[in-house]
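Single-letter residue listing:
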Protein chains: 2
Amino acid sequence: MSEYTLYCFAQSGNAYRAALMLNLIGADWKPVWVDFFGKAEQRSSEYRANVNEMGEVPVLEHGTRRLSQSGVILTYLAERSSKFRPASEDERLEALRWIIFDNQKVNGFLGPYRFLRTLARPPGDPAVLAFLKGRILSTRPFILGERPTIADLSLVAYLYYPAAEFGFDIAAEHKHIAAWLDRIKTLPGWKHPYDLMPGHPLPNR
Amino acid sequence: MSEYTLYCFAQSGNAYRAALMLNLIGADWKPVWVDFFGKAEQRSSEYRANVNEMGEVPVLEHGTRRLSQSGVILTYLAERSSKFRPASEDERLEALRWIIFDNQKVNGFLGPYRFLRTLARPPGDPAVLAFLKGRILSTRPFILGERPTIADLSLVAYLYYPAAEFGFDIAAEHKHIAAWLDRIKTLPGWKHPYDLMPGHPLPNR
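Residues numbered from 1 in each chain as written. Chains lettered and ligands numbered in written order. Predicted model: local features only at pLDDT ≥ 70, side-chain atom pairs only at ≥ 80, totals over all residues. Heavy atoms only, no water.

Caption draft 1: Broad picture of the side chain of asparagine 52 of chain B. Considering the arrangement of structural elements, one finds asparagine 52 of chain B in the loop between helix H2 (45-50) and strand E3 (59-62). Residues within four places of asparagine 52 of chain B in sequence aside, it is in contact with Arg97 of chain A together with Tyr47, Val59 and Ser68 of chain B. (Helix = DSSP H or I, 4+ residues; strand = E, 2+ residues; numbered from the N terminus. Contact = heavy atoms within 4.5 Å.)

Structure (structure tokens):
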């Protein structure tokens, strides 16, 4: 039996954050596929009773703990493993800032946008991407500086998925983001979300 | 000179989280009004240079620290004051879960919705409010249990603003939410956002 179990599906950038972290820290983990698109399994009474009462994906199972929200899972795994962990109080607050910012404005926007493309809203606050492009990643290799932390792992959530799924190509338009995504790709254990989690490709529907 | 300075304006539920926390812990603080609606001061080069380069509101100034993201400010103040602080690792992870969930799905949705009412989108995932109504607050007085924590202070962000500003009345429709809002109101130092932060009413525009 694996130490960690992750309830996930390949199309979920939120789940990808957790799956990527597990892989990068070399954890003994296994994915359990949640049939989100077909049976909407996450909303079933069985899933709500046994995995997560709010019907959330991802959920990390570790012993008797069941954690949801990828930002919480990242924090928990960083503390457990001491990998990708912010090194000081300032760094910890800064990592938290990025994780919340990400969930609210970056991937919190990209995820639904990708899912609901027909609404055709613009991809978040232009200031968000302008900032990533012009300030942070032009002067340092990772979000908090020289070392990758959970802030990086949170922010990449949807950024490795095919540009065709969004209708625009963030990496092609922002060279600093592209270089940063490449740097994270070189970390031992990195995998593309479709290689790391089950459920791709979707069956014909 | 006050110990804490909060850059804020009365209409911001995000700023309200921080202002309310400062008041509830009895901090020595003063608000500095950001002219968001008139001059869009938060986007000025002066604000970006001196307060927050991303043009965010709220910003908490404490000594040489400048913190943005209300979830970060809440965490920082809880650790500094030991008030509203989660008491164990489990509680800490649970509070973080709620703060991210809130920024992503609850107030992260209500804020823009209120601001952009003409888009007339529904107020977030119905599961969010159903959960708050039916599960958590029906069985315990506060989000994490018997004591109020930063998770509560995050979640109330927009919920005391007038129902007319939203076009629907959450408290009237959900008695457990109404009772919870009333409980938080009884905490020493509680104030309505329009009484706690400068900038209300807006001048005629």
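Caption draft 2: How the structure looks around the relation of the copies chain A and chain B. Between chain A and chain B, the superposition needs a rotation of 180° and an axial shift of 0.0 Å, giving an RMSD of 0.0 Å. Here the symmetry operator amounts to a two-fold rotation axis. By C-alpha distance to the rotation axis, the residue of chain A lying nearest is glutamine 104 of chain A, at 2.4 Å. Here 100% of the interface residues in chain A have copies in chain B that are interface residues too; the copies meet face to matching face. (Least-squares fit on C-alpha atoms with pLDDT ≥ 70 in both.)

Caption draft 3: Examining the nonpolar core more closely. Among the nonpolar cores identified, the biggest contains 121 residues, and Trp180 of chain A together with Trp180 of chain B are the most heavily contacted of them. Dropping the residues within four chain positions of it, tryptophan 180 of chain A is found in contact with Leu137, Pro141, Phe142, Ile143, Asp152, Leu155, Val156 and Leu159 of chain A. The next biggest cluster of nonpolar side chains, apart from the first, holds seven residues, and it includes Phe9, Val34, Tyr47 and Val57 of chain A. (Core = buried A, V, L, I, M, F, W, Y, C linked by side-chain atoms within 4.5 Å. Buried < 20%, exposed > 50% of the residue type's maximum accessible area, 1.4 Å probe, protein only.)

Caption draft 4: View of the environment of isoleucine 99 of chain B. Within the fold, isoleucine 99 of chain B resides in helix H4 (residues 89-105). Every residue in contact with isoleucine 99 of chain B, bar those within four places of it in the chain, is listed here: Ile100 of chain A together with Gly71, Thr75, Ile150 and Ser154 of chain B.

Caption draft 5: Local environment of the sheet that holds strand E2 (residues 29-33) of chain A. All names here are of chain A. Read across the open sheet, the four strands follow the order E2-E1-E3-E4; overall the sheet is mixed. Each edge of the open sheet is held by one strand with a lone partner, namely E2 and strand E4 (65-68). Geometrically, the sheet is characterised by an average inter-axis angle of 20° between neighbouring strands, direction not taken into account. As judged from the five bridges shared by strand E1 (residues 4-8) and E2, these two strands associate in the parallel manner. Looking at E2, one finds that threonine 5 is bridged to lysine 30. On the sheet, helix H1 (residues 13-24) packs against E1, E2 and strand E3 (59-62) and is oriented at approximately 155° with respect to E1. Against the sheet, helix H3 (residues 70-81) touches E1, E3 and E4, its axis set at about 130° to E4. (Pairing = 2+ DSSP bridges. Axes fitted to C-alpha atoms, helices over the stretch in contact; angles between N-to-C directions.)

Caption draft 6: Fine view of the packing of helix H1 (residues 13-24) of chain B against helix H3 (residues 70-81) of chain B. Residues and elements named next belong to chain B. Relative to each other, H1 and H3 sit at 10°, their axes nearing to 9 Å. Taken together, the axis directions place H1 and H3 in an arrangement best described as roughly parallel. Contacts between H1 and H3 involve Asn14, Arg17, Ala18, Met21 and Leu22 on the former and, on the latter, Ser70, Ile73, Leu74, Leu77, Ala78 and Ser81. Class assignment for the residues of the contact of H1 with H3 results in seven nonpolar, three polar and one charged. (Parallel < 35°, antiparallel > 145°, perpendicular 65-115°, else oblique. Nonpolar A, V, L, I, M, F, W, Y, C, P; charged D, E, K, R; others polar.)

Caption draft 7: A look at the pattern of salt bridges. For the structure shown, the criterion picks out 16 salt bridges over all chains. Among the ionic pairs, arginine 66 of chain B bridges to glutamate 61 of chain B, the shortest N-O distance being 2.8 Å. Residue glutamate 94 of chain B pairs with arginine 97 of chain B through a salt bridge whose shortest N-O separation is 3.1 Å. Residue glutamate 94 of chain B and its partner arginine 97 of chain B are located together in helix H4, separated by three residues, close to a single helical turn. Connected via shared salt-bridge partners are Arg65 and Arg80 of chain A together with Glu89 and Asp90 of chain B. (Salt bridge = Lys/Arg side-chain N within 4 Å of Asp/Glu carboxyl O.)

Caption draft 8: Molecular detail of the interface of chain A and chain B. In this complex, chain A contributes 30 residues to the contact, which on the side of chain B involves 30 residues. Taken as a group, Met54, Arg97 and Ile100 of chain A account for 20% of the area that chain A buries against chain B, more than any other trio of residues on that side. Joining chain A to chain B, the criterion identifies 10 salt bridges. Between arginine 97 of chain B and glutamate 56 of chain A there is a salt bridge, with its nearest N and O atoms 3.1 Å apart. Inspection of the region where chain A meets chain B yields 12 residue pairs in polar contact (both at pLDDT 80 or more). Broken down by secondary-structure element, the contributors of at least two residues to the side of chain A that touches chain B are E4, H3, helix H4 (89-115) and helix H5 (126-139) of chain A. Here the side of chain A that touches chain B gets 11 residues from one element, more than from any other, and that element is H4 of chain A. Class assignment of the residues belonging to the side of chain A that touches chain B gives a composition of 11 nonpolar, eight polar and 11 charged. (Buried area = accessible area lost by both parts, 1.4 Å probe. Polar contact = N/O pair within 3.5 Å; in protein donor to acceptor, adjacent residues only side chain to side chain.)

Caption draft 9: Region of the structure containing the pairing of strand E1 (residues 4-8) of chain B. Residue and element names in this part refer to chain B. Of all five residues making up E1, five are buried, and the element is well covered by its neighbours. Of the two faces of E1, the one carrying Tyr4, Leu6 and Cys8 and the one carrying Thr5 and Tyr7 are both buried. Note that the unit made of E1, H1 and strand E2 (residues 29-33) has a crossover that is right-handed. (Right-handed = clockwise from strand over helix to strand, strands pointing away.)

Caption draft 10: Local environment of the packing of aromatic side chains. Here the structure, examined in full by the defined rule, presents 16 aromatic pairs over all chains. Their ring planes at 75° and their centres at 5.2 Å tell us that phenylalanine 36 of chain A and phenylalanine 37 of chain A sit as a pair that is edge-to-face. Judged by its relative accessible area of 25%, phenylalanine 37 of chain A is partly exposed. Seen in terms of ring centroids, tyrosine 160 of chain B and tryptophan 190 of chain B are 4.9 Å apart; in terms of plane orientation they differ by 65°. Their pairing is edge-to-face. (Phe/Tyr/Trp six-rings, centres within 6.5 Å; stacked < 30°, edge-to-face > 60°.)

Caption draft 11: View of unusual backbone geometry. Cis geometry is adopted by the peptide bond preceding proline 58 of chain A, which originates at valine 57 of chain A and carries an omega value of 5°. A positive phi angle is found at glutamine 69 of chain A, which is not glycine, with a value near 75°. At serine 82 of chain B, a position not held by glycine, the phi torsion is positive, near 60°. Tracing the chain through its elements places serine 82 of chain B in the loop between H3 and H4. The class for serine 82 of chain B is partly exposed, based on a relative accessible area of 45%.

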